[in-house]
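# Survey of secondary and tertiary structure
Given next are the chains, with one letter for each unit.
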Amino acid sequence: MIIGTPDDDSAILEMISTSERLLIVKEKGVYEVKLADQVDPERTNIDTPNTVQRILPYGAGDAWIGATLLTAYYLLKDSMVQNKVDGNDAFALVIKIVEDISGAHQLHDSYVKAKAAATLDPKIRPDRSMLVPAIGNVETRCNEFLQRGDHALRELFRLAQMFYTDVGSGGWESLKTKIDAEPKDIDNFPQFLTEALPFLKLIRNARNCAEHPRSDQQLSVTDFALDPKNALLPPMIEVIHPKTPLKKVPVGAFFSQALQNLVSIIELMIVFLCARNVKSFGEMPIQVMEIPPERRRSPYVRYGYGALLGGQLVPFSKNKELVASNAADRDT
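Residues numbered from 1 in each chain as written. Predicted model: local features only at pLDDT ≥ 70, side-chain atom pairs only at ≥ 80, totals over all residues. Heavy atoms only, no water.

### Observations concerning the overall build of the chain
Condition: Strands here mean DSSP runs of E at least two residues long; helices mean DSSP runs of H or I at least four residues long; both are numbered from the N terminus. Whether two residues are in contact is decided by their heavy atoms, any of which lying within 4.5 Å being enough. A residue counts as positive if it is Lys or Arg and as negative if it is Asp or Glu; His and the chain ends are not included. All charge positions are set by atom: Lys at NZ, Arg at CZ, Asp at CG, Glu at CD.
Helix and strand counts for the chain stand at seven helices and 12 strands. The dimensions of the chain, computed from C-alpha atoms along their principal axes, are 80 × 60 × 40 Å. Restricting the contact set of the chain to residue pairs at least 6 apart, pairs at least 24 apart contribute 58%. Looking at charge distribution, the chain has the averaged site of its 38 positive side-chain charges lying 5 Å from that of its 43 negative ones.

### Observations regarding the pattern of salt bridges
Selection rule: The term salt bridge refers to a side-chain nitrogen of Lys or Arg lying within 4 Å of a carboxyl oxygen of Asp or Glu. The buried label applies to any residue whose accessible area, calculated with a 1.4 Å probe on protein chains only, is under 20% of its type's maximum; exposed applies above 50%, and partly exposed to all values in between.
Here the structure, examined in full by the defined rule, presents 18 salt bridges. A salt bridge links Asp216 to Arg214, with the nearest nitrogen and oxygen atoms 3.6 Å apart. With relative accessibility at 47%, the residue Arg214 sits in the partly exposed group. One salt-bridge network, in which partners are shared between bridges, spans Asp150, Arg154, Arg204, Arg207 and Glu211.

### Digging into the confidence of the model for the chain
Convention followed: Note on scores: pLDDT gives the predictor's confidence for each residue, bounded by 0 and 100.
Mean pLDDT over the chain stands at 89; residues scoring 70 or higher make up 92%. Confidence, expressed as mean pLDDT per element, reaches its minimum in the chain at strand β12 (residues 312-315) with 72 and its maximum at strand β8 (residues 236-240) with 98. In this model residues 317-332 is a low-confidence stretch, pLDDT under 50, and it forms 36 contacts with partners more than four residues away in sequence or in other chains.

### Quick notes on the packing of helix α3 (residues 87-118) against helix α7 (residues 251-275)
This is how the line gets drawn: The axes used here are C-alpha line fits, helices contributing only the stretch in contact, and every angle between their N-to-C directions lies in the interval 0 to 180 degrees. Put simply, angles under 35 degrees are roughly parallel, angles over 145 are roughly antiparallel, angles from 65 to 115 are roughly perpendicular, and the rest are oblique. In a left-handed crossing the near helix is turned counterclockwise from the far helix by less than a right angle, and in a right-handed crossing that turn is clockwise. When residues are grouped by polarity, Ala, Val, Leu, Ile, Met, Phe, Trp, Tyr, Cys and Pro land in nonpolar, Asp, Glu, Lys and Arg in charged, and all others, Gly among them, in polar.
Their axes nearest at 10 Å, the elements α3 and α7 cross at an angle of 160 degrees. Considering the angle they form, α3 stands roughly antiparallel to α7. When you trace α3 past α7, the crossing you get is left-handed. Residue-level inspection shows Val94, Ile97, Ile101, Ala104, His105, Leu107, His108 and Tyr111 of α3 in contact with α7, the latter providing Val251, Gly252, Phe255, Ser256, Leu259, Leu262, Val263, Ile266 and Ile270. When grouped by side-chain class, the residues that make up the contact of α3 with α7 number 13 nonpolar, four polar and no charged.

### Here's the deal with the sheet that holds strand β4 (residues 51-56)
The strands making up a sheet associate through backbone hydrogen bonding, with each pair oriented either parallel or antiparallel. Using the following cut-off: In short, DSSP must find at least two bridges between two strands for them to pair.
Spatial ordering of the open sheet is given by β1-β2-β3-β4, a layout of four strands whose pairing is antiparallel. Bordering the open sheet on either side are β1 (12-17) and β4, each of which pairs with just one other strand. Taking the axes of each pair of neighbouring strands and ignoring which way they run, one obtains an average angle of 25 degrees across the sheet. Where strand β3 (residues 29-34) meets β4, five bridges bridge the pair, whose relative direction is antiparallel. Paired with Val33 across the bridge in β4 is Val52.

Next up, the structure:
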């Protein structure tokens, strides 16, 4: 079976089997394979083919795929996670998160292309007028981007609830309260949540401003515009909200920074959740660790499981065999 599209002849780097899906991760895309029995369970058509579909136009060659999809695969689908969390169910949530982030990335990429195509060198004409470029549908693009980001973070919170079932209606604040009540000095999870909360609230409130605007809570989006000094301003976005205001910033800069924050928060949330819920294997202390660059199969997967052996942290995960001949089998 050929996995790929005419424009993607990159190598297969990972095969991910879930309870319902078979995903193939290549450098330039993520594909889903369905066998004929899945397409036609009753076998009503003997000529039903197997199918290959690129579900994401991003692959292992993109840093954010390594930080989210592959990191989650190596951590959540491993036998190291405590039995209270079903790795397949947890990873299924991550796939939904990644699909939303992919949609946000496509909106960003589309916006960058549209902005480049619309950019002019405006000059005041003899009749004292100026032709100002326009992208069009900038507000719609921003609304959809915020919806994608909010959906991804809602799924991420559902993932956190799989580890902490008593965290409920309080949202991210309730998770922070839960983690703050746990033993101190385990890791930097409390500090991470403190630093992430403002952005998490901003995305939620900005999405509400877009879908349920009021006089004191609304999204202000403009296309290219001329300021009083005859300077051409790029499309801008502003969040008007009493608790999480955002001053006017270029739409492109907002998209780019928001994506960086989303990916970083998703990656580290998965890392901390797994690190706090690692199984105990006898006297071998298992923990989540940062994998040295030279030991990574994928350069963008920074975290994996490891053991403290001989006073040193030794990494082992699905993407690298245990680098110690005397280490115990991780699956026993």
